[in-house]
Amino acid sequence: MCYNATSSRSPFLRMRDAGLEMDMLEDLETLQFEYGIQEEDHSWLYLLGRSHGLMTKACAHATFFCKLLHNLRKSLQEKQTSTCRLAGLREDTPDDDALKVGIIGGGHLGKQLAHTLLQLVPIPADSLRISTRRPEALDEFKKLGIQCFYCNSSLVEWANVIFLCCLPSQLSNICAEIQTSLGKACIVYSFVAAVPLPRLKLLLKHTSVLRPQYQCVEDLASIWGANKEITAALQDPVILQATCPYSPAGGIILNIKWLEGVFYAAINVCTEKDMPHSQVLQLLNELFLAKHFEACEKDRASFQKFQAQDFVSKAYAKNLSRKRPFPWFDLTAVQLKETPFSQYLSHSTTFQDNLTHLYCDSFGITLTKEQEPEVSTGFSSQ
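Residues numbered from 1 in each chain as written. Predicted model: local features only at pLDDT ≥ 70, side-chain atom pairs only at ≥ 80, totals over all residues. Heavy atoms only, no water.

1. A few points about the pairing of strand β5 (residues 187–190)
The two faces of β5 match: Ile-187 and Tyr-189 on one face and Val-188 and Ser-190 on the other face are all buried. The pairing of strand β4 (residues 161–164) with β5 spans four bridges and is classified as parallel. When the bridges of β5 are listed, Leu-164 appears paired with Ser-190. Taken together, β4, helix α6 (residues 168–178) and β5 form a β-α-β motif whose crossover is right-handed. Here β5 runs beside strand β6 (residues 209–210); their pairing, made up of two bridges, is parallel. Among the inter-strand pairings, Tyr-189 is bridged to a residue of β6, identified as Leu-210. Handedness of the crossover joining β5 and β6 through helix α7 (residues 197–204): right-handed. (Buried < 20%, exposed > 50% of the residue type's maximum accessible area, 1.4 Å probe, protein only. Helix = DSSP H or I, 4+ residues; strand = E, 2+ residues; numbered from the N terminus. Pairing = 2+ DSSP bridges. Right-handed = clockwise from strand over helix to strand, strands pointing away.)

2. Re α7
Here α7 has its buried residues at Leu-197, Leu-200, Leu-203 and Leu-204. In an axial view of α7, the angular spread of the buried residues amounts to 125°, which keeps them on one side of the axis. Elements in contact with the buried residues of α7: β4, α6, β5, β6 and α13 (331–336). Phi turns positive one or two residues past the end of α7, at Lys-205, with a value near 50°. (Arc of directions from axis to C-beta. Contact = heavy atoms within 4.5 Å.)

3. Focus on the nonpolar core
Grouped together as the largest cluster of nonpolar side chains are 80 residues, with contacts concentrated most on Phe-65, Phe-163, Phe-306, Phe-311 and Phe-326. Examining the composition of this core, we find that twelve residues originate from one element, helix α2 (residues 46–87), more than from any other. If sequence neighbours within four positions are ignored, Phe-311 has contacts with Phe-263, Tyr-264, Ile-267, Leu-281, Leu-284, Phe-306, Phe-326, Phe-329, Pro-340 and Phe-341. In terms of nonpolar packing, the next biggest core, distinct from the first, is built from 23 residues, Ile-162, Leu-164, Ile-174 and Leu-204 among them. (Core = buried A, V, L, I, M, F, W, Y, C linked by side-chain atoms within 4.5 Å.)

4. So, the pattern of salt bridges
On inspection of all chains with the given rule, the structure shows three salt bridges. A salt bridge links Glu-136 to Arg-134, with the shortest nitrogen-to-oxygen separation between them at 3.6 Å. Between Lys-201 and Asp-330 there is a salt bridge whose closest N-O contact spans 2.7 Å. Here the residue Lys-201 occupies a position in helix α7, and Asp-330 occupies one in the loop between α12 (314–318) and α13, the gap between them amounting to 129 residues. For Asp-330, a relative accessible area of 21% corresponds to the partly exposed category. (Salt bridge = Lys/Arg side-chain N within 4 Å of Asp/Glu carboxyl O.)

Shown next, in the form of structure tokens:
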């Protein structure tokens, strides 16, 4: 952990104090954003809550995705270490396969995402880097030991996951700059809402792209607030439940095709390691279903583990030998078309309940039966 030369206190402690200071000022009317706004303009204030809600939900889903990849890579490392020991081969050090995350864009979204990933995954400072046109404006992150610079292609060559937090007007130039540096397995996660997946695929000449889509209802709930730090908001059980992938609470609905992309991205990570598909299924069951399977003593007969035909066609699965890896999946196609996994996600209420509990557990909040949120199957992107 890095410390400021002028203070013996941890930067994380100072960040927490800043959040406490914001809470202390919360009830002072004259210091609120709304103070001084003409009455006839108050009808537009809902846009502030919507913007904060979208950012909170986007950062929560990115954090969950990184937690999943972190745990997956950790499991892969453990299996590889075990195999090496049995074969008497050299073991890789644990850091060899650590998740490396890059953020392109140091604006408000990029900063909020970096804080969230650092504190809630948590990603070590040396595994997170930021590329921005103004790295000198990111001293708060440099003090934490994070490398901040302006070289997008260098960042892409290093990272396993790249978050695009730039303006739509900047995207074409950024894609042209990084497309030749993108490795096949590098996942590009786009927050650029105005640019659809087919366009991203064309600009990047890359298929490992994730792009969450959100839809806001007219009567947006007031739970999101406008002044709360996102890391603090995601420790609030009400707000966290509203960010659950299947939850319509809060009035911001996620297109569940994103979740399909997340699963197929996880499979691709295993395929890159040439892992037999039977072991991939075992790993997915351990990561997503094991805890719930153990808890469902009375209902084990109706609880079904993942099978090959949940991810590929029945004909393909029938000819897939146990030692063969899954094929490499085009993540853009997964998010745009129906897949074998589409039906599973839409119709398995057991899985939906399990994912909701797993999601909240990953943020350190355990749901009671009474707290289980209403479930939505998302909206269609078509």
